[in-house]
Structure formats: structure tokens, C-alpha cells
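# Report on the structure
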Amino acid sequence: MILIVDDSPENIISLQKVLEKNDFEVDTASSGEEALKKILKKSYVLIILDVQMPGMDGFEVAEVISGYSKAKETAIIFLSAASANVNLITRGYSSGGLDYISKPVDMNILLLKVKTFYRIYEQSRALNEMQKALRAEIEFRKEAERKKDEFISIASHELKTPMTSIKGYIQLLERSLDKNDIETVRKRLHKVQNQVEKLNLLVADLLDISKIESGKLKLNRQYFCFNQMLDHILEVVQENNSLVKIIRKGRVESELFGDEMRIEQVITNFITNAVKYAPDGKEIHITSEIEGDKIHFSVRDFGIGMTEEHEQKIFQKFYRIEESSERFQGLGIGLYICQEIIDRHKGKIGVTSTLGEGSTFYFKIPLHPEMAEQKN
């Protein structure tokens, strides 16, 4: 938008008509004071400013404008009948003006100058947008690099922990074998198996991340019994966590068309997280039900919970809640993988939580994804 500032209504009308006829948006002010009020409220690309006005003259207005951060990129063209006065022109440029036009105004010259300033403004704005995008890209890459380095550090530590435990248990096993202490051998073998399973899960997550990044995570879809799968998962979890009471609500009698192994992976992740992040909890609530043509599955724990800020980020790759990362092991990729799996089943994944009271992780997936696509 262009602002014309002149105490002469005739001058304003003639300039406004020419500019509007050439598709420029125009605003007007009849005094320096009025112009300053408008500049505080609106942004202008160009100000055509008369030098000789009662009250504040054009130079004073320009000097005040130069102090406004909002108008620092606004161009100013001075208008004056005193074109021969070199001192006046010099003052105009030192006040912040970028050009000078003598009265009576040659409209062709004015239009040429206005178009030039608009072109410079558009180029400057495009350059600023490019710089902003470049800075954002640089920051994004820096953050990605930081997260990658952090992840490598965490992964190295997480992989090293079970490896160190396995090495230690094998040394103890050798001593027990020398003593022919079969019972102790059995106990330590069981502990070795647990550590191997942890290592296996970590490696599986890393492989899944690699498949997701390369677009090679494939689904083996077929119809399967959701209840039967869930029964098996809960049986295994309950055996390994005898102190936690698993309360099951609802059943899904319908068969689901999807990748049974991947859905099992999501459910297992939800339940093991519920056990992990509620170390003092005595109950976990498992709910599964049919909502229209979808399965709604949820796992509720009564553990540490999280803030709304963490709820919005918990499914991001490599995200770990800082307050809990020291207490609980993990790579920060399990829930990200779960989200990818549910997304590929045309479903929705989410969490509701209250800090200090627990969390409910859930997903909803259509029983027949192809039919759901046809409806959409």
C-alpha cells in the first residue's frame, strides 16, 4: 500500500487517481501528525511525502518514521516545489528519503519510480523469505544432527548394558558349572535369556527405524482373530509381571484385516510401557471394543503421567521425556514405530495423560481398511 501525505487536497486527489488507475492501493493523510498515526497502525510499501506542510514538515515526519521498527523497510519519496535548493534535497536524503520529485509532478516519472520501488520491495521481501527459510533449514538440520548424535549415544549405551550383563552372567555361569551347581546355572541362564531378549528388542527397533526411513517397512495383511492375539499377549505379560494386576475390559469378536505381528508389536509396546512407567502401580486397564467399523484399543496405567507438552511430542522420533530419561531406559523410537504401524493401517494413535496420575495410550483402526478407503 502507498501512503500519500500532503496538506493540499488537490495534490492528493490527482496523485491518488493516477496511482489507483494503475492498480496501486492508496491511503492518504493531510498532515504529518495524521501520517504518523496511520504508520503506527498499518504497513506501507511506499510513502509519498510533501516537504512543505504546516506543523510538522516532511523532513520531520521522515526522521520520526526512521525510528519506527515497523516502517524501517518503507521507502520515502519527497515532493517539493523547491527543487533548485540543494540544501533542501540534501536534508531530504539525510532524513531517510530514497528519492526526490519536484512539483509540478510529472506523473510518468512518478509512476516509473513507484513501480521501481515496488519491484525492489518484492525482491527484498523474496530475499528475506529465502533467508528466513534458509535459517529455518539450518536450525532444522542442526537439531536433526543433535538428535542423531544423542540417539547414537543413547543407542550405544542401551546396547552396551545388556551386552555387559550377558558377559557378566556367562562368567558366573562358568563358576557355577565348575561347582556343578545346576540350580544356580538354571537361574543365571534365565537371566541371560532376559538380557538377550532385551538386546533382540533393541536391534528389532533399530531395524524397523531403518526400514521406515528407507520406505521398506512392509505389512503382511490378512484376517486374524484380535481376541486370540490379545489373549496370548496378556498371558505372556502377566507371567513376566506377576505383581501387576491386568484388568481387561471388553472383547472384539470380529476379525481384523491387518498385519497381526505389527499390531501385536504396538499392543506389546503399550503394555510394557505401562508396566515400566508405573513402577509402583498395581493395576493396568486394557480396553478393547468395536466403535462403528473400527477397533478402539487402549492401555491405561496409573504411573508418572506427563504434561500436555509431552503428549504432543511423545510420538516423535527419538523423543524422550527429560525428567524420566534418567530413570527409565529406552531409545525413544518405540512409540514412533507404533505410530508408523497404525498410520499404515489407516488408523489413529494418541495419548491422554495427567502428570502424576497416569496415562492412557490408544489406537483406532478400521476392521476393513480397504472398505474404509472406499467410503472416503
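Quick caveat: nothing in here was measured; it's all calculated off a predicted structure. (Residues numbered from 1 in each chain as written. Predicted model: local features only at pLDDT ≥ 70, side-chain atom pairs only at ≥ 80, totals over all residues. Heavy atoms only, no water.)

### Notes on helix H6 (residues 182-214)
The cut-off we apply is this: We count a stretch as a helix when DSSP gives it H or I for four or more residues in a row; a strand needs E for two or more, and each element gets its number in order from the N terminus. One less than the number of residues in a helix, times 1.5 Å, gives the span that helix is expected to have.
Between its terminal C-alpha atoms H6 stretches 47 Å, which fits the 48 Å expected from 33 residues at 1.5 Å a residue. Positioned one or two residues after H6, glycine 215 has a phi angle of 70°, which is positive.

### Description of the packing of helix H7 (residues 226-240) against helix H8 (residues 260-276)
Here is the rule: Axis definition: a line fitted to C-alpha atoms, over the contacting stretch in the case of helices. Angles run 0 to 180 degrees between N-to-C directions. Here is the rule for angles: anything less than 35 degrees is roughly parallel, anything more than 145 is roughly antiparallel, 65 through 115 is roughly perpendicular, and the remaining ranges are oblique. Left-handed is the label given to a crossing in which the near helix is rotated counterclockwise from the far helix by less than a right angle, and right-handed is the label when the rotation is clockwise. Residues count as neighbours in contact if any of their non-hydrogen atoms are within 4.5 Å of one another. All residues other than Ala, Val, Leu, Ile, Met, Phe, Trp, Tyr, Cys, Pro, Asp, Glu, Lys and Arg, Gly among them, are scored as polar; the first ten of these are nonpolar and the last four charged.
Following both chains from N to C, one finds H7 and H8 inclined at 40°, their axes separated by 11 Å at the closest point. When the axis of H7 is compared with that of H8, the two are oblique. The handedness of the crossing between H7 and H8 is right-handed. Across from Phe226, Met229, Leu230, His232, Ile233, Leu234 and Val237 in H7, the residues of H8 making contact are Glu260, Ile263, Glu264, Ile267, Thr268 and Ile271. In terms of residue class, the contact of H7 with H8 is built from nine nonpolar, two polar and two charged.

### Quick look at the sheet that holds strand E7 (residues 245-249)
Keep this limit in mind: Pairing between two strands requires that DSSP report at least two bridges joining them.
Spatial strand order, E7-E9-E10-E12-E11: five strands in an open sheet with mixed pairing. Looking at the sheet topology across the chains shown, the edges are occupied by E7 and strand E11 (348-354). Each strand of the sheet is rotated relative to its neighbour by a mean of 15°, with strand direction disregarded.

Nothing here speaks to function; it is all geometry.
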